[in-house]
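Summary of the model geometry
Below, each chain spelled out in residue letters.
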Amino acid sequence: MANDVLNSLLREYEQKKVKAELDLEERKQSLYNLIPRLKQIDDELNSFAILTAKNILNNSTKNSSFISDLNNKILDLKKEKEGILKKNNYSLDYLKPFYECKLCCDTGYITDSNYHTVMCSCLKQKLLDISFNESNIYNLDKENFDTFNENFYSDKVDTSKYRFNISPRENILNIKNKCMDFVKNFNNPDQKNLLFTGSTGLR
């Protein structure tokens, strides 16, 4: 079930990514028709990028000055491109995809500082939202620690009935305090988990 949910979300991400990139192509073509020089600049940038890559792959020191010249030309073209966009009142990212999530570019995954591929926070949040909606925890505005009422529990100790030498009220207050401590220290890796047990149907 969990894999089905994740796979469904990843299909949604792929659709969003494709949509953003198709939208970019439409904006590009429209702007190229309006300002042909922008297309010329992008074509030159692509050519220079390929030339730079080829020379780097050749790993030849005699080409270092050539690579430096290419990089300078690329910088000049980028500055010219930015100037044209500003002059015509376009944002500098107008010719970039408008992804919903700028961190993962609508892929659901990012590369961390150790160069490992990890789940993006946006995908984690979507999975959390789905789990939350399926958990029946939907009335937190009314059912929370602030509205907790220990007076529903007896303050009478009855070891034969409850098998505890403390009252149900003292017991539930202990449980409440442990839960609150768990929430306050949720991000602490040394914090132990909570385990709720009981017969089926108990709330």
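Anyway, here's the lowdown on the structure attached to this text. (Residues numbered from 1 in each chain as written. Predicted model: local features only at pLDDT ≥ 70, side-chain atom pairs only at ≥ 80, totals over all residues. Heavy atoms only, no water.)

All right, on to the overall build of the protein then. Of regular secondary structure, the protein possesses six helices and two strands. Scanning the protein from its N terminus toward the C terminus, one meets helices and strands in the order α-α-α-β-β-α-α-α. Against the 2.2 N^0.38 benchmark of 17 Å for 203 residues, the protein shows a C-alpha radius of gyration of 30 Å, more extended than a compact globule. Across its three principal axes, the protein shows a C-alpha extent of roughly 90 × 40 × 35 Å. Every one of the 203 residues in the protein was classed for burial, and the buried ones make up 20%. The long-range share in the protein, meaning contacts at least 24 apart out of those at least 6 apart in sequence, stands at 50%. Working note: accessible area of the protein is about 16000 Å², and carbon and sulfur atoms make up 52% of it. A gap of 2 Å separates the mean positions of the 30 positive and 29 negative side-chain charges of the protein. (Helix = DSSP H or I, 4+ residues; strand = E, 2+ residues; numbered from the N terminus. Rg over C-alpha atoms; globule rule 2.2 N^0.38 Å. Buried < 20%, exposed > 50% of the residue type's maximum accessible area, 1.4 Å probe, protein only. Contact = heavy atoms within 4.5 Å. Areas by Shrake-Rupley, 256 points an atom, 1.4 Å probe, with all protein chains shown as cover. Lys, Arg positive; Asp, Glu negative; His and termini not counted. Charge placed at Lys NZ, Arg CZ, Asp CG, Glu CD.)

Across all of its chains, the model carries three aromatic pairs by this definition. On the numbers, 4.8 Å between centres and 45° between planes, the contact of Y90 with Y94 is tilted. For Y90, a relative accessible area of 24% gives the class partly exposed. When the ring of F182 is compared with that of F186, the centres are 5.7 Å apart and the planes differ by 90°; the resulting orientation is edge-to-face. The class of F186 is exposed, set by a relative accessible area of 57%. (Phe/Tyr/Trp six-rings, centres within 6.5 Å; stacked < 30°, edge-to-face > 60°.)

Membership of the largest hydrophobic core comes to 13 residues, with the highest contact counts inside it found for L31 and L38. Looking at this core, the elements with two or more residues in it are helix 1 (2–34), helix 2 (36–58) and helix 3 (64–87). Considering every element that reaches this core, the biggest residue donor is helix 3, with five residues. When near neighbours in sequence (up to four residues on either side) are disregarded, L38 contacts L31, Y32, K81, I84 and L85. Within the second largest apolar cluster, nine residues are counted, among which are L6, Y13, C104 and L123. (Core = buried A, V, L, I, M, F, W, Y, C linked by side-chain atoms within 4.5 Å.)

For helix 6 (residues 168–184), spanning 17 residues, the distance from its first C-alpha to its last is 24 Å, which sits close to the expected 24 Å at 1.5 Å a residue. Among the structural elements, helix 5 (159–162) are those in contact with the buried residues of helix 6. (Expected span 1.5 Å × (residues − 1).)

Take the pattern of salt bridges next. This model, assessed by the stated rule, comprises eight salt bridges. Residues participating in the shared-partner salt-bridge network are R37, E44 and E80. (Salt bridge = Lys/Arg side-chain N within 4 Å of Asp/Glu carboxyl O.)

Positionally, L195 belongs in the segment after helix 6. Classification of L195 as exposed rests on a relative accessible area of 75%. Once the C-alpha coordinates of L195 and I56 are considered, the two residues, 139 residues apart in sequence, prove to be 57 Å apart.

Okay, a nonpolar patch on the surface next. Judged by side-chain polarity, I175, L194 and F196 come together as a nonpolar surface patch covering roughly 290 Å² of accessible area. Position of L194 among the secondary structure elements: in the segment after helix 6. (Patch = residues over 30% accessible without salt bridge, like charges linked within 9 Å, V, L, I, M, F, W, Y side chains within 5 Å.)

Turning to the packing of helix 1 against helix 2, a few remarks are in order. Interhelical geometry of helix 1 versus helix 2 gives an angle of 120° and a closest axis separation of 5 Å. Residues L31, Y32, N33 and L34 of helix 1 form the contact with helix 2, whose own contacting residues are P36, L38, K39 and D42. Its residues assigned to classes, the contact of helix 1 with helix 2 shows five nonpolar, one polar and two charged. (Axes fitted to C-alpha atoms, helices over the stretch in contact; angles between N-to-C directions. Nonpolar A, V, L, I, M, F, W, Y, C, P; charged D, E, K, R; others polar.)

None of this, on its own, says anything about what the molecule does.
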